[in-house]
Amino acid sequence: MSTRELSLDDRLGLDKYEIDEEHSHIQVDQSLCLRCQLRPCLTVCPAAVYVAVDGEIVARYENCLECGTCQIACDTGGQGGITWNPPQGGFGIVFRYG
Ligand code: SF4
Ligand code: SF4
């Protein structure tokens, strides 16, 4: 039997998302983002959740891997515009590969 190492994309593809269609677990305060020079949210998220649309920061929360990186980056290198809470019970990502 042969084995092969899975790529990161392969591993993430095994995960399952239970999306809360009615509530985002991420809120972004646009008034703080307006003063943000670095906008680290746009580069640190491994799932590219944050995008700039017409000058505003949009969080595509359904793709979140729940790593917490964005909150730290926003608080330390940004203006603290992100409020991140764990998804409500039963929602969010279910990791299937470690
Ligand atoms: S890092 Fe925080 S404050 Fe800066 S643009 Fe992103 S969400 Fe807004
Ligand atoms: S918790 Fe991690 S995956 Fe989710 S939005 Fe923040 S940086 Fe991206």
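Attention here is on the structure that accompanies the text.

Here is what the cut-offs are and how they apply
- Residues numbered from 1 in each chain as written.
- Chains lettered and ligands numbered in written order.
- Predicted model: local features only at pLDDT ≥ 70, side-chain atom pairs only at ≥ 80, totals over all residues.
- Heavy atoms only, no water.
- Helix = DSSP H or I, 4+ residues; strand = E, 2+ residues; numbered from the N terminus.
- Buried < 20%, exposed > 50% of the residue type's maximum accessible area, 1.4 Å probe, protein only.
- Contact = heavy atoms within 4.5 Å.
- Areas by Shrake-Rupley, 256 points an atom, 1.4 Å probe, with all protein chains shown as cover.
- Lys, Arg positive; Asp, Glu negative; His and termini not counted.
- Charge placed at Lys NZ, Arg CZ, Asp CG, Glu CD.
- Near = heavy atom within 4 Å.
- Nonpolar A, V, L, I, M, F, W, Y, C, P; charged D, E, K, R; others polar.
- Polar contact = N/O pair within 3.5 Å; in protein donor to acceptor, adjacent residues only side chain to side chain.
- 1 Å grid on protein atoms, 1.4 Å probe; cavity = no way out; pocket = protein on both sides within 12 Å on 5 of 7 lines; lining within 4 Å.
- Points joined across faces, edges and corners; volume = space filled by probe spheres on them.
- Salt bridge = Lys/Arg side-chain N within 4 Å of Asp/Glu carboxyl O.

1. Quick notes on the overall build of the protein chain
Right, on to step 1. Per the secondary structure count, the protein chain includes four helices and six strands.
Right, on to step 2. The order of helices and strands in the protein chain, counted from the N terminus, is α-β-β-α-α-β-β-α-β-β.
Right, on to step 3. Per-residue burial for the protein chain yields a buried fraction of 30% across its 98 residues.
Right, on to step 4. For the protein chain, contacts bridging at least 24 residues in sequence account for 64% of all contacts bridging at least 6.
Right, on to step 5. Counting only carbon and sulfur atoms, one obtains 52% of the accessible surface of the protein chain, whose full area is about 6600 Å².
Right, on to step 6. Counting 7 positive and 14 negative side-chain charges, the protein chain places the averaged centre of each group 6 Å from the other.

2. A word on the environment of Phe95
Right, on to step 1. Tracing the sequence through the fold places Phe95 in the segment after strand 6 (92-94).
Right, on to step 2. Each C-alpha atom of the pair Phe95 and Asp10 lies 12 Å from the other, and the pair is 85 residues apart in sequence.
Right, on to step 3. Setting aside anything within four residues of it in sequence, one finds Phe95 in contact with Asp15 and Leu65.

3. Remarks on the site of ligand 1
Right, on to step 1. Taken together, Cys33, Cys36, Arg39, Pro40, Cys41, Ile57, Cys74, Gln79, Gly81 and Ile82 make up all the residues around ligand 1.
Right, on to step 2. The residue inventory of the shell around ligand 1, partitioned by class, reads seven nonpolar, two polar and one charged.

4. A closer look at the site of ligand 2
Right, on to step 1. As a structural note, the neighbourhood of ligand 2 is formed by 13 residues, with Cys45, Cys64, Cys67, Gly68 and Cys70 the closest of them.
Right, on to step 2. In the shell around ligand 2, the residues fall into ten nonpolar, two polar and one charged.

5. Description of the side chain of Gln71
Right, on to step 1. Structurally, Gln71 is set in helix 4 (residues 69-77).
Right, on to step 2. A polar atom in the side chain of Gln71 sits 2.7 Å from the backbone oxygen of Ile82.
Right, on to step 3. Setting aside its immediate chain neighbours within four residues, Gln71 contacts Ile82, Thr83 and Trp84.

6. Some thoughts on helix 4
Right, on to step 1. Among the residues making up helix 4, those that are buried are Cys70, Gln71, Ala73 and Cys74.
Right, on to step 2. Its buried side turned inward, helix 4 meets helix 3 (41-44), strand 3 (50-53) and strand 5 (82-84).

7. Quick word on the layout of surface pockets
Right, on to step 1. When its volume is computed, the largest pocket comes out at roughly 170 Å³.
Right, on to step 2. Along the wall of the largest pocket there are 19 residues; nearest its centre are Asp20, His23, His25, Tyr61 and Pro87.
Right, on to step 3. Secondary structure elements with two or more residues in the lining of the largest pocket: strand 1 (16-18) and strand 6.
Right, on to step 4. Taken together, the residues of the lining of the largest pocket break down into eight nonpolar, seven polar and four charged.

8. Brief notes about the pattern of salt bridges
Right, on to step 1. One pass over the full model with this rule turns up two salt bridges.
Right, on to step 2. Between Arg4 and Asp10 there is a salt bridge whose closest N-O contact spans 3.4 Å.
Right, on to step 3. Among the residues examined, Asp10 registers a relative accessible area of 32% and is labelled partly exposed.
Right, on to step 4. Measuring nitrogen to oxygen at the nearest pair gives 2.9 Å for the salt bridge that ties Glu18 to Lys16.
Right, on to step 5. Taking relative accessible area as the criterion, Lys16 reaches 34% and is therefore assigned partly exposed.

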